Amino acid sequence: MGDNNDSNNNDSIVQQKKVLRKQVRSKLKALTKETIQEQSIKVWDRLFQLPQYQTAKSVGLFLSMPKGEIDTDPALKHAMEHNKTIYVPEVGKNFELADMELLQVIVNKEEKEKDKEGEPKESKEEPPVKKPRLDEEEKEPSTTTTTTTTTSQDLFHKNWPRNKWGIPEPPADMPIVTAKPGDIDLLVVPGLAFDRNGDRLGQGKGYYDRFIERMCQGDQKGPYLVAVGLQAQVVDESIPVAQYDRRMDMVLLPDESIVVSKEKDTTTDNKET
Ligand SMILES: Nc1nc2c(c(=O)[nH]1)N(C=O)[C@@H](CNc1ccc(C(=O)N[C@@H](CCC(=O)O)C(=O)O)cc1)CN2
Ligand SMILES: Nc1ncnc2c1ncn2[C@@H]1O[C@H](COP(=O)(O)OP(=O)(O)OP(=O)(O)O)[C@@H](O)[C@H]1O
């Protein structure tokens, strides 16, 4: 009966998500930098062991927020050193729509040389302001190879402008190569909380939900989804989920790896012949 059930459920899901976000955010605030570093390394060791990561030619990563989030630098460094094609988020063009693109990281040679010489850089307190970029222009990458000499610290944290949350984003002069369905083999997904079914609670804007949905368009099966987080982010109860929430394939935490069985799915996962 109850025609209202769906909307009532949705309201309560939104409400429950808000409560959970608040709880987890306050737990994360209490973590020291050292704890975050230690825990992050454990998570990345798990990622580097995964056959799905080892065989991935392209990975979607993200740049960490200034506080209370897993430190992605070791993963960016590893992926660069292993010559993977890396994509990272850019938000803000369509803020109201919570639209996000993942852009391919393209490092030109001059920039790499500058980094090596260790030129004086702007102070940490004053990150460069992001310039608006010309849209819809897709340039071909020209001098594109990544090398082991550019550190992710140099590349992303010193040289990239920051968005409203203090997250570094690709600079306006980086050639725009956006990820299309099929381009990303493995997507490392941030979040605030995760449960042991592989469900995820994000920051609340739906950026990743929408992005993942787009990456599955056409007949693409979408990227292999690996959520990563700190131990305080795993919850024992089930995360309330709405229709559009996408379940992860794996959740990697410092002390446990959660592998999600896809019984609802017809595709056979992780068995290769
Ligand atoms: N490192 C990182 N990059 C990312 C994400 C992420 O979760 N982590 N995103 C994943 O989607 C997107 C950015 N989404 C974000 C959405 C909201 C807030 C945020 O802090 N929102 C509120 C928090 C306070 C509140 O609502 O109570 C704020 O604006 O202060 C941050 C990132 C893309 N880039
Ligand atoms: N695929 C989608 N299409 C349209 N709207 C969506 C989609 N996914 C999420 N939304 C909308 O985005 C808003 C935020 O969703 P939700 O609370 O699930 O975000 P989240 O998963 O916590 O965030 P994020 O994905 O950015 O980490 C909701 O109002 C929801 O209706």
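Residues numbered from 1 in each chain as written. Chains lettered and ligands numbered in written order. Predicted model: local features only at pLDDT ≥ 70, side-chain atom pairs only at ≥ 80, totals over all residues. Heavy atoms only, no water.

- In the annotation of an unreviewed UniProt entry, the entry for the chain reads 5-formyltetrahydrofolate cyclo-ligase, and the organism field reads Seminavis robusta.
- According to its UniProt record, the chain has this under Sequence similarities (unreviewed entry): "Belongs to the 5-formyltetrahydrofolate cyclo-ligase family." (UniProt positions renumbered as here; feature names shortened; annotations may be inferred.)

## Section: the overall build of the chain
- Check the secondary structure of the chain and you find seven helices and nine strands.
- Taken across its 273 residues, the chain has 45% of its residues classed as buried.
- For the chain, the share of sequence-separated contacts (at least 6 apart) that also reach a separation of at least 24 residues comes to 77%. (Helix = DSSP H or I, 4+ residues; strand = E, 2+ residues; numbered from the N terminus. Buried < 20%, exposed > 50% of the residue type's maximum accessible area, 1.4 Å probe, protein only. Contact = heavy atoms within 4.5 Å.)

## Some points on the site of ligand 1
- Around ligand 1, the surrounding shell holds 15 residues, and the nearest of these are Arg25, Phe62, Leu63, Glu69 and Trp165.
- In this structure, an oxygen atom belonging to ligand 1 sits 3.0 Å away from a side-chain N or O atom of Trp165.
- Surface burial for ligand 1 is 74%, taken as the share of its 680 Å² of free accessible area covered by protein chains.
- Looking at the shell around ligand 1, its residues break down into 10 nonpolar, two polar and three charged. (Near = heavy atom within 4 Å. Polar contact = N/O pair within 3.5 Å; in protein donor to acceptor, adjacent residues only side chain to side chain. Areas by Shrake-Rupley, 256 points an atom, 1.4 Å probe, with all protein chains shown as cover. Nonpolar A, V, L, I, M, F, W, Y, C, P; charged D, E, K, R; others polar.)

## Things to note about the site of ligand 2
- Among the 15 residues in the neighbourhood of ligand 2, the closest are listed as Arg21, Arg200, Gly202, Tyr207 and Asp209.
- In this structure, an oxygen atom belonging to ligand 2 sits 2.7 Å away from a main-chain N or O atom of Tyr207.
- Relative to its unbound accessible area of 640 Å², ligand 2 is 76% covered by the protein chains.
- When contributions to the shell around ligand 2 are tallied by element, the ones reaching two or more residues are helix H1 (5-29) and helix H7 (207-215).
- The element that contributes the greatest number of residues to the shell around ligand 2 is H7, accounting for five residues.
- Residues belonging to the shell around ligand 2 are distributed by class as follows: three nonpolar, four polar and eight charged.

## A look at the side chain of Gln231
- For Gln231, the location among the structural elements is in the loop between strand S7 (224-228) and strand S8 (250-252).
- In this structure the side chain of Gln231 is engaged in a polar contact, spanning 2.9 Å, whose partner is the backbone nitrogen of Asp255.
- Once residues within four sequence positions are removed from consideration, Gln231 is found in contact with Gln39, Leu253, Pro254, Asp255 and Glu256.

## Section: the sheet that holds strand S9 (residues 257-259)
- Judged by pairing direction, the sheet is mixed, and its seven strands sit side by side in the order S3-S2-S1-S4-S7-S8-S9 without closing on themselves. This sheet does not close on itself; its edge strands, each paired only once, are strand S3 (100-104) and S9. Across this sheet, the average inter-strand angle for adjacent strands is 25 degrees, counted without regard to direction. (Pairing = 2+ DSSP bridges. Axes fitted to C-alpha atoms, helices over the stretch in contact; angles between N-to-C directions.)

## Focus on the side chain of Lys84
- In this fold, Lys84 is placed in the loop between helix H4 (73-81) and strand S2 (85-91).
- Despite being buried, Lys84 has no salt bridge partner; Asp185 is the closest side chain of opposite charge, sitting 7.6 Å away.
- Not counting residues up to four positions away in its chain, the partners in contact with Lys84 are Tyr53, Gln54, Ala56, Lys57, Val59 and Ala79. (Lys, Arg positive; Asp, Glu negative; His and termini not counted. Salt bridge = Lys/Arg side-chain N within 4 Å of Asp/Glu carboxyl O.)

## A short note on unusual backbone geometry
- The backbone of Asn83 shows a phi angle near 55 degrees, a positive value even though the residue is not glycine.
- Assignment of secondary structure puts Asn83 in the loop between H4 and S2.

## Remarks on the nonpolar core
- Of all hydrophobic cores here, the largest spans 70 residues; its most connected members are Trp44, Leu47, Ile86, Leu186, Leu187, Val226 and Val228.
- Apart from the residues within four sequence positions on either side, Leu47 is in contact with Tyr53, Leu186, Val188, Val226 and Leu252. (Core = buried A, V, L, I, M, F, W, Y, C linked by side-chain atoms within 4.5 Å.)

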